[in-house]
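Chains, contacts and geometry: an overview
As a plain string of letters, each chain reads:
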Amino acid sequence: MRIVIAEDDPLLREGLALLLRAESLDVVATADTADKVLEAIDEHEPDVAILDVRMPPTHTDEGVRAAVEARRRRPGLAVLVLSAYVEQTFATELLTGGVSGLGYLLKERVGRVEQFLDALHRVASGGTAIDPEVVAQLFTRSRQDTRLERLSPREREVLALMAEGLGNSAIAGRLFVTDGAVHKHIRSIFAKLDLSPADQVDRRVAAVLHYLENARSRA
């Protein structure tokens, strides 16, 4: 796995590089600005880019804009975005552009090495990894949506874990229920969100994006 890191904090940037290299992952370049990371992506053609949300010169959304531009230049590039705290607008801007190979984690998650590496590998494999705190806050913003109000508390838990990027077996393990129970909950979620099997969409992705988009509209 070839990785590029964009982080303006030198301690975190080098710490990430050391951590990943210790796991026998190939960190091909590091950068401290959005422009430099785009140059590095063009030059090294990595499999994954890890980017901070807020970078110089304005420390607002440079990292997000770089992530969007990187995926435009290099379709299929996996991107893992790190943020010091939950920023709903930035999260949904990324996620509504396509969820394959995309992650959004709080920086505090990096210190939980096993969880961070699991998220990184999931994103690199084309999956999704959304921080549980991001999901929780987006759900809070989405409470007024009438279709979401149809969901039972357990169905909300299942949808939240789907949004984190977990598969059915992982959800079952997290909730201490059977795979069959998870499957039934997901079918019920699809029905309550009016997602028909005849629709030409991935209903799992559509269910997640429905409340993410709703959260963005209320941000």
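The paragraphs below set out a description of the structure included in this document. Bear in mind the structure is a predicted one, so any value in this text is a computation, not a measurement.

The next thing to look at is the overall build of the chain. When you go through the chain residue by residue, the secondary structure sums to 11 helices and six strands. The burial tally for the chain puts 47% of its 219 residues in the buried class. For the chain, long-range pairs separated by at least 24 residues make up 66% of all intrachain contacts whose partners lie at least 6 apart in sequence. Carbon and sulfur atoms make up 50% of the accessible area of the chain, which amounts to about 10200 Å² in all.

Attention shifts here to helix α5 (residues 113–124). With 12 residues, α5 ought to run about 16 Å at 1.5 Å a step, and its terminal C-alpha atoms sit 16 Å apart, in line with that. Those residues of α5 that fall on the buried side of the exposure criterion are F116, L117, A119, L120 and V123. Along the long axis of α5, the arc covered by the buried residues comes to 160°, so they all point the same way. Residues of α5 that are buried in the fold lie against β1 (2–6), α1 (10–22), β3 (48–52), β4 (78–83), β5 (102–106) and β6 (128–130). Once α5 finishes, G126 follows within two positions and takes phi at roughly 95°, a positive value.

In the sheet, β1 pairs with strand β2 (residues 26–31) via five bridges, with the strands oriented parallel. Pairing of V4 across the sheet is with A29, part of β2.

Here we come to the nonpolar core. Inside soluble globular proteins, nonpolar side chains tend to come together where they are buried. V4, V37, I41, L51 and V79 are the most contacted members of the largest nonpolar core, which has 25 residues in total. If you list the elements that add at least two residues to this core, you get β1, β2, α2 (34–44), β3, α3 (62–73), β4 and β5. Among the elements that take part in this core, α2 stands out by supplying five residues, more than any other. With residues near it in sequence (within four places) discarded, V79 still touches A49, L51, A67, R71, G101, L102, G103 and V123. Counting residues in each nonpolar core, the second largest holds 21 residues, with L25, L105, V110 and A119 among its members.

Moving on, we get to the layout of surface pockets. Estimated volume of the largest pocket: approximately 230 Å³. Considering each element in turn, the lining of the largest pocket owes the most residues, four residues, to α5. Split by residue class, the lining of the largest pocket holds six nonpolar, one polar and six charged.

Another aspect to go through is the packing of helix α9 (residues 168–175) against helix α10 (residues 179–192). The N-to-C vectors of α9 and α10 enclose an angle of 110°; their axes lie 8 Å apart at closest approach. Comparing the axis directions of α9 and α10 gives the class roughly perpendicular. Facing α9, whose interface residues are N168, S169, I171 and A172, α10 presents D179, V182, H183 and I186. In terms of residue class, the contact of α9 with α10 is made up of four nonpolar, three polar and one charged.

To continue, consider the sheet that holds β6. Spatially, six strands are ordered β2-β1-β3-β4-β5-β6 in an open sheet, and the strand pairing comes out parallel. The open sheet terminates on both sides in strands that have one partner only, identified here as β2 and β6. Neighbour-to-neighbour, the strand axes of this sheet turn through a mean angle of 20°, independent of strand direction. The pairing of β4 with β5 spans five bridges and is classified as parallel. The partner of V81 across the bridge, within β5, is Y104. Against the sheet, α1 engages β1, β2, β3 and β4, with an angle of about 175° to β2.

Turning next to the packing of helix α8 (residues 153–164) against α9. Relative orientation and spacing of two packed helices are given, respectively, by the angle between their axes and the distance between those axes. Remark: α8 packs on α9, axes separated minimally by 10 Å, with the N-to-C direction vectors making an angle of 130°. Accordingly, the angle class assigned to the pair α8 and α9 is oblique. Taken as a pair, α8 and α9 cross one another with a handedness that is right-handed. Of the residues in α9, those touching α8 at R154, E157, V158, L161, M162 and E164 are I171, R174 and L175. Here the residues of the contact of α8 with α9 are counted per class, giving five nonpolar, no polar and four charged.

Cut-offs applied
Residues numbered from 1 in each chain as written. Predicted model: local features only at pLDDT ≥ 70, side-chain atom pairs only at ≥ 80, totals over all residues. Heavy atoms only, no water. Helix = DSSP H or I, 4+ residues; strand = E, 2+ residues; numbered from the N terminus. Buried < 20%, exposed > 50% of the residue type's maximum accessible area, 1.4 Å probe, protein only. Contact = heavy atoms within 4.5 Å. Areas by Shrake-Rupley, 256 points an atom, 1.4 Å probe, with all protein chains shown as cover. Expected span 1.5 Å × (residues − 1). Arc of directions from axis to C-beta. Pairing = 2+ DSSP bridges. Core = buried A, V, L, I, M, F, W, Y, C linked by side-chain atoms within 4.5 Å. 1 Å grid on protein atoms, 1.4 Å probe; cavity = no way out; pocket = protein on both sides within 12 Å on 5 of 7 lines; lining within 4 Å. Points joined across faces, edges and corners; volume = space filled by probe spheres on them. Nonpolar A, V, L, I, M, F, W, Y, C, P; charged D, E, K, R; others polar. Axes fitted to C-alpha atoms, helices over the stretch in contact; angles between N-to-C directions. Parallel < 35°, antiparallel > 145°, perpendicular 65-115°, else oblique. Left-handed = near helix turned anticlockwise from the far one by under 90°.

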